[in-house]
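So the chains spell out like this:
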Amino acid sequence: MSLALYRLGLALARHRLWFIGVWVAVLLVLLGGAGTLGSHYDDSFTLPGSEAQQGQDVLASRFGLTGGTAQAVFTVSHGSITDSGPHDAVEHTVSAVAGLKGVSMSDPFAQSSNVSKDKLAVLGQIQFAQPRPDESVLDSVERLVGETGASVTGTVGGSLYNEIPPPSRVPELFGMLIAFVILAIAFGSFLAAGIPLLTALLGVSANASVIVIVSSVATISSTSPTLAEMLGLAVGIDYALFILFRYRTRLREGLSTGEAMARALATAGSAVVFAGTTVVIALCGLAIARIPLLTVMGLAAGAAVLVAVLVAMTLLPAIALLLGERMRPRPARDEPRRRLRFLHRRGGNGPGLGARIFQGWVGTSTRHPFLTIVACVIVVGGATVPVTGLSLALPDSSTAPKGTEQRTTYDTITRHFGAGYNAPLSVVADIITSTDPSKTVDDLASALRSTPGVVAVPTATPNSAADTGLFVVIPPGGQSDPQTSKLVRTLRSEAPTLEKKYGVSNVLVGGTTAINLDVSDRLSGSLIPFGAVVIGLSVILLAVVFRSIWVPLKATLGYLLSVAAALGSVVLVFGGSGPVVSFLPIFVMGVLFGLAMDYEMFLVSRMREEYTEGHSARDAITEGFSASAPVVTAAALIMVSVFVAFVPSGSSTIKPIAFGLAVGVFVDAFIVRMSLVPAVLALLDEHAWRLPGWLDRALPVVDVEGVALGRVLDQRRFEEEYGGVALSARSLVPAPGARPVDLHTASGTVTVLERPLPESRALAYAVAGHLAPASGDVAVKGYILPEQRAATQPLVAVVDPARTAMEVTVEEELGTRARLARRRRRDRSRVLDASLELLAQLPVGADGSARPVGASDPMGGLRGTALAAVDLAAALAAQVAVVVIVVEEPGVAPELLRLAQEAALRGPAVLLVGPDLRAIRGSARPPAGPVASAGPVASAAPVTPSGSAGDGTAVLDAATGAEGSDQ
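Keep in mind that this is a model prediction, so the values were computed, not measured.

## As for the nonpolar core
In terms of nonpolar packing, the biggest core is built from 174 residues, with Tyr239, Tyr247 and Phe643 touching the most fellow members. Here this core gets 19 residues from one element, more than from any other, and that element is helix α21 (residues 654-684). Not counting chain neighbours up to four residues away, the residues in contact with Phe643 comprise Met230, Leu231, Ala234, Leu595, Ala658, Leu661, Ala662 and Val665. Formed by 44 residues, the second largest nonpolar core is a distinct cluster that contains Val752, Val810, Leu867 and Ala904.

## Things to note about a negative patch on the surface
Taken together, the side chains of Glu811, Glu812, Asp833 and Glu837 present a region of like negative charge at the surface. Broken down by secondary-structure element, the contributors of at least two residues to the negative patch are α26 (810-821) and α27 (825-841). Residue placement: Glu812 occurs in helix α26.

## Quick notes on the pattern of salt bridges
Pairing is possible between side chains of opposite charge, provided their charged atoms come close. The final tally for this structure, using the stated rule, is 19 salt bridges. Measuring nitrogen to oxygen at the nearest pair gives 2.5 Å for the salt bridge that ties Glu325 to Arg328. A relative accessible area of 48% places Glu325 in the partly exposed class. Here Arg755 and Glu759 are joined by a salt bridge, their closest N and O atoms 4.0 Å apart. Taking the relative accessible area as the measure of exposure, Glu759 reaches 17% and is therefore buried.

## As for the confidence of the model for the chain
Per-chain confidence: the chain averages 80 in pLDDT, with 88% of residues scoring 70 or above. Confidence drops under pLDDT 50 across residues 922-967; counting only partners more than four residues distant or on other chains, this segment forms 121 contacts.

## Let's talk about empty space enclosed by the protein
Where empty space is left becomes clear once a probe the size of a water molecule has been rolled over the atoms. Across all of its chains, the model carries three cavities of 30 Å³ or more by this definition. Approximately 50 Å³ is the volume found for the largest cavity. Around the largest cavity, the lining residues are Ala200, Gly203, Val204, Asn207, Ala228, Gly232, Ala304, Val307 and Ala308. Elements supplying a minimum of two residues to the lining of the largest cavity: α7 (190-214), α8 (224-252) and α10 (292-323). For the lining of the largest cavity, the element with the highest residue contribution is α7, accounting for four residues. When the residues that make up the lining of the largest cavity are grouped by side-chain class, the tally is six nonpolar, three polar and no charged. What lines the second largest cavity is simply Val427, Ala429, Leu444, Leu448, Phe471, Leu498 and Val507. Sorting the residues of the lining of the second largest cavity by element identifies β6 (425-430) and α15 (437-449) as the ones contributing at least two each. Here the lining of the second largest cavity is built from residues that sort into seven nonpolar, no polar and no charged.

## What to know about the packing of α8 against helix α9 (residues 257-284)
When two helices pack together, their arrangement is given by the angle between the helix axes and the distance between those axes. Viewed as axis vectors pointing N to C, α8 and α9 meet at an angle of 155 degrees, and their least axial separation amounts to 8 Å. One finds that α8 runs roughly antiparallel with respect to α9. In this structure, α8 meets α9 at a crossing whose hand is right-handed. Looking at the contact of α8 with α9 residue by residue, the class counts come to 15 nonpolar, four polar and three charged.

## As for the sheet that holds strand β2 (residues 103-105)
The strand order across the open sheet built from four strands is β2-β3-β1-β4, with neighbouring strands paired in antiparallel fashion. Looking at the sheet topology across the chains shown, the edges are occupied by β2 and β4 (153-157). In this sheet, adjacent strand axes meet at a mean angle of 25 degrees when their direction is disregarded. Pairing of strand β1 (residues 69-75) with strand β3 (residues 121-128) involves seven bridges; the strand directions are antiparallel. From the neighbouring strand, Val73 faces β3, where its bridge partner is Leu123. Along the sheet face, helix α4 (residues 84-98) touches β1, β2 and β3 and points at about 155 degrees away from the line of β2. Of the strands in this sheet, β1, β2, β3 and β4 touch helix α5 (residues 135-146), which is tilted by about 155 degrees from β4.

## Digging into unusual backbone geometry
Not every positive phi belongs to a glycine, and Ser731 is a case in point at roughly 50 degrees. With respect to the helices and strands, Ser731 occurs in strand β11 (residues 727-733). We note that Gln879 has phi near 60 degrees; this positive angle belongs to a residue other than glycine. Within the secondary structure layout, Gln879 lies in the loop between α28 (864-877) and β17 (882-886). On the accessibility criterion, Gln879 (57% relative accessible area) is exposed.

## Concerning the pairing of β1
Burial runs high along β1: six of the seven residues are buried. Across five bridges, the pairing between β1 and β4 is antiparallel. Bridge assignment links Phe74 to a residue of β4, and that residue is Gly154.

## Here we look at helix α17 (residues 512-546)
The end-to-end C-alpha distance of α17 is 49 Å, a good match for the 51 Å that 35 residues give at a rise of 1.5 Å each. Where α17 bends most, the angle comes to about 35 degrees, and this point is Leu527, followed within four residues by the proline Pro529. Positive phi shows up at Arg547, right after α17, with a value of about 50 degrees.

## Focus: the packing of aromatic side chains
Inspection of every chain in the model, using the stated rule, returns seven aromatic pairs. With 5.4 Å between their ring centres and 50 degrees between their planes, Phe417 and Tyr421 make a pair best called tilted. Just as Phe417 is buried, Tyr421 falls in that class too. An aromatic cluster is built from Trp361, Phe666 and Phe670, whose rings are joined through pairwise contacts.

## Regarding the sheet that holds strand β15 (residues 783-784)
Strand order in the open sheet formed by four strands is β12-β11-β14-β15, with antiparallel pairing between adjacent strands. At either end of the open sheet lies a strand with only one pairing partner, and these are β12 (741-745) and β15. As paired strands, β11 and β12 are joined by four bridges and run antiparallel to one another. Bridged to Leu727 within β12 is Thr745.

## Looking at α26
Relative to the 16 Å expected for 12 residues at 1.5 Å per residue, α26 spans 16 Å between its end C-alpha atoms, a close match to the ideal helical length. Burial in α26 covers these residues: Val810, Glu813, Leu814, Gly815 and Ala818. In this fold, the buried residues of α26 make contact with α27 and α28.

## Topic: the packing of helix α1 (residues 2-14) against α10
Between α1 and α10, whose axes approach to 9 Å, the crossing angle comes to 45 degrees. Classified by the angle their axes make, α1 and α10 are oblique. Where α1 crosses over α10, the two elements pack in a sense that is right-handed. Taken together, the residues of α10 that come into contact with α1 (itself represented by Leu5, Leu8, Leu12 and Ala13) are Met313, Thr314, Pro317, Ala318 and Leu321. The residue inventory of the contact of α1 with α10, partitioned by class, reads eight nonpolar, one polar and no charged.

## Notes on the environment of Val509
As for its position among the elements, Val509 is in strand β9 (residues 505-510). It is 7.1 Å that separates the C-alpha atoms of Val509 and Val488, two residues lying 21 residues apart in sequence. Beyond its immediate chain neighbours, meaning those up to four positions away, Val509 contacts Glu51, Ala52, Ser426, Val427, Val488, Leu491, Arg492 and Ala514.

## Digging into a nonpolar patch on the surface
Taken together, the side chains of Phe174, Leu177, Ile178, Val181 and Ile185 make up a nonpolar region of the molecular surface, amounting to roughly 490 Å² of accessible area. Structurally, Ile185 is set in helix α6 (residues 170-187). By relative accessible area, which is 69% here, Ile185 ends up exposed.

The rules behind these values
Residues numbered from 1 in each chain as written. Predicted model: local features only at pLDDT ≥ 70, side-chain atom pairs only at ≥ 80, totals over all residues. Heavy atoms only, no water. Core = buried A, V, L, I, M, F, W, Y, C linked by side-chain atoms within 4.5 Å. Buried < 20%, exposed > 50% of the residue type's maximum accessible area, 1.4 Å probe, protein only. Helix = DSSP H or I, 4+ residues; strand = E, 2+ residues; numbered from the N terminus. Contact = heavy atoms within 4.5 Å. Patch = residues over 30% accessible without salt bridge, like charges linked within 9 Å, V, L, I, M, F, W, Y side chains within 5 Å. Areas by Shrake-Rupley, 256 points an atom, 1.4 Å probe, with all protein chains shown as cover. Salt bridge = Lys/Arg side-chain N within 4 Å of Asp/Glu carboxyl O. Lys, Arg positive; Asp, Glu negative; His and termini not counted. Charge placed at Lys NZ, Arg CZ, Asp CG, Glu CD. pLDDT = per-residue confidence, 0-100. 1 Å grid on protein atoms, 1.4 Å probe; cavity = no way out; pocket = protein on both sides within 12 Å on 5 of 7 lines; lining within 4 Å. Points joined across faces, edges and corners; volume = space filled by probe spheres on them. Nonpolar A, V, L, I, M, F, W, Y, C, P; charged D, E, K, R; others polar. Axes fitted to C-alpha atoms, helices over the stretch in contact; angles between N-to-C directions. Parallel < 35°, antiparallel > 145°, perpendicular 65-115°, else oblique. Left-handed = near helix turned anticlockwise from the far one by under 90°. Pairing = 2+ DSSP bridges. Expected span 1.5 Å × (residues − 1). Bend = angle between axes of the 7 residues up to and from the residue. Phe/Tyr/Trp six-rings, centres within 6.5 Å; stacked < 30°, edge-to-face > 60°.

Okay, structure coming up:
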């Protein structure tokens, strides 16, 4: 990953204006599309596979109730609603509403149960033809009901009238101002501080436009864009901070802007991609709940994170590169040199006071690690105690802001009729086998009225086909009342008894209230599976990244503490006002998972980097913490400020989520990651960084720390010092137990290396990228293995004269090799012709007088040198950079050396490796390609040493083939 991002950084440096132009064009298109289509949010819930949804489907198919519903309540302050004046005014309003296109409303006075016991109110039901009517229709109904007159006050409510006043942007602007101040302190530059805010806002604007556009074709709740905005701002600023901080650090080291950005993306950018991916996966994991609307909500928030990552990896670097040298930090003035050395050694970028604060912090945490662990667990554990009182429910009219039409209607109905009339249940039954449908419906209605907890059954009627009965059941409380949930379970448990007693079937409890209750139950049941997925994912990902067992285990336990503290704080602050939204726990778990892995990556990866560079376990903790804690502190404070900004102005759904995330981030960053984690690592000491060998081999290698880039840069510095190197191996152990190999060979040279046959073959295939070495480094033409294996494999050919050839002709074999080497047919033909021509030129016999191998010769009849000549001709025609010849039989070694020398004259570096190559000495005859030692290459020109490199590597004189004196 780091190498790909490094190349991305170099591309951004070359084409920064192009990247900026593409982003501007995309943003303009999205904004234009969103402005044209407008938003079409829908807060209705569907629950495929649930009993409530089945009941709702029956209502739609057999009663034609496919549209939305609303409730209208008419009240008088004195007298009776049934008096002639108020009665006539209500009847007139009902007729006017029913006269609207796509709207129907029955006479509320037709049933006495619609009139309150105090005679001050009457309740009417409004049915719409469309599931989501046009705003003009809803406004017309609201206007007509509100203009009833005759001292009658009329209001209309329900889920269709979820009018949410536009939130104030002042708190969000204040949060952005706090973020700007934190960024300015972290960077020491107002210019640098403004870039993360700009890119985060652009990313949020792009994602918000996408959500608006998608709402025209998919069901998206009104909460989704706010959640996406909140999360997009938070992670957008943080990701930009991580990359820009590393970029300015590289600039301070004196690198050019392009190289500094490339290295910043390769290191900090890798961590950003990793962290963003974990957040997106966790949010997409909300689909585990199998609730379509929640799945869409998770996808919207995940899209916000994905856009934030794309912006941070492309638009942010392009803008920073466009500003050029103005982004380079100014050198500190009037600062003692000793202080500057101290800051550089500690990796700090701020004042000495800041460095001392973080060093004191980590010193305190690790001085007595056991006490620190106990203190952190007690503090966080205390915050988790209120979780036991967590109550969940979906939002309904009771959670609407006070003063809105929806909330006023809800409160009026509750005051005059009871909360249960705001949460009616719809019970349907299949009565097709009944000989007297009306009597069956009446009997079922009487049975339902006698059910404990049922307040009333105001409606009991068969459909027009007399095959299905509909019963409206009023529960004792509102949707979030435990008594309502109890009644739903009671009705469902008694359904088989009712079916048997009255000869009906398929008694289903449905309706909006039942669906919402089923949704809450399914969400509660999804917490454990979702938590298992998230925790399992975190353990696997961290084990892959840090090559450790203890690091992912303590990170996961710390994450659970943070989640529990976040939920506990929500219950403590919002629990007194009723249940919190059902999807809060699962949503907070998903978001905090990604953010916790964020901070874990930036803190612990730097500690591991220090450990792998040779520091002791304790010193690695101190050095890594001091270097990474400032940016993690700034990132956490920014994220907390963004989340807190959504609390004052958010809806009843957004407020607890924002507050919980703010508390969770604060606890995770400052107590868990910056206090508990160093203490645990200090307690584990060297054991923290150990991984069982079998597990280390089984886990894939994911480079998110820039290790591969570091090897590439080391190789580049080596080549700059010693000249062009075709093949370089440093401390390369091709197989477990093999001796290390150190060789550096230029193009056009031959190196002879003695090794046992198994080691020789392992070395050959390790150099070719077909076998992972046990340890060490190997590079071909500057490409390192195994990270750049795709680039090195076409550059290396292995020649093994002892291999078993296929029963084809030489020309067919070379044709197959040509097809593998080139994609285009014209190129394949050219390579084949070159292979045949080269084969005719290569010496095949020991003295060069043997008949050359012919194109029609069968491959099965070739042995030893002849077989090697075919392989070598194919390799030279494909213009490989390195040829490795495995010498199994010492008797043919002189002939193979002759082939190697002829091949080296044509450009590639040639390595002969085998168990006993003493016969080579004195056998090479001029003219031949130069033969190099296995030591460092002095220049890019062909090297002709004249001595012995030792360690089983023979060095021959290029002119005479005789062994010379040491170089």
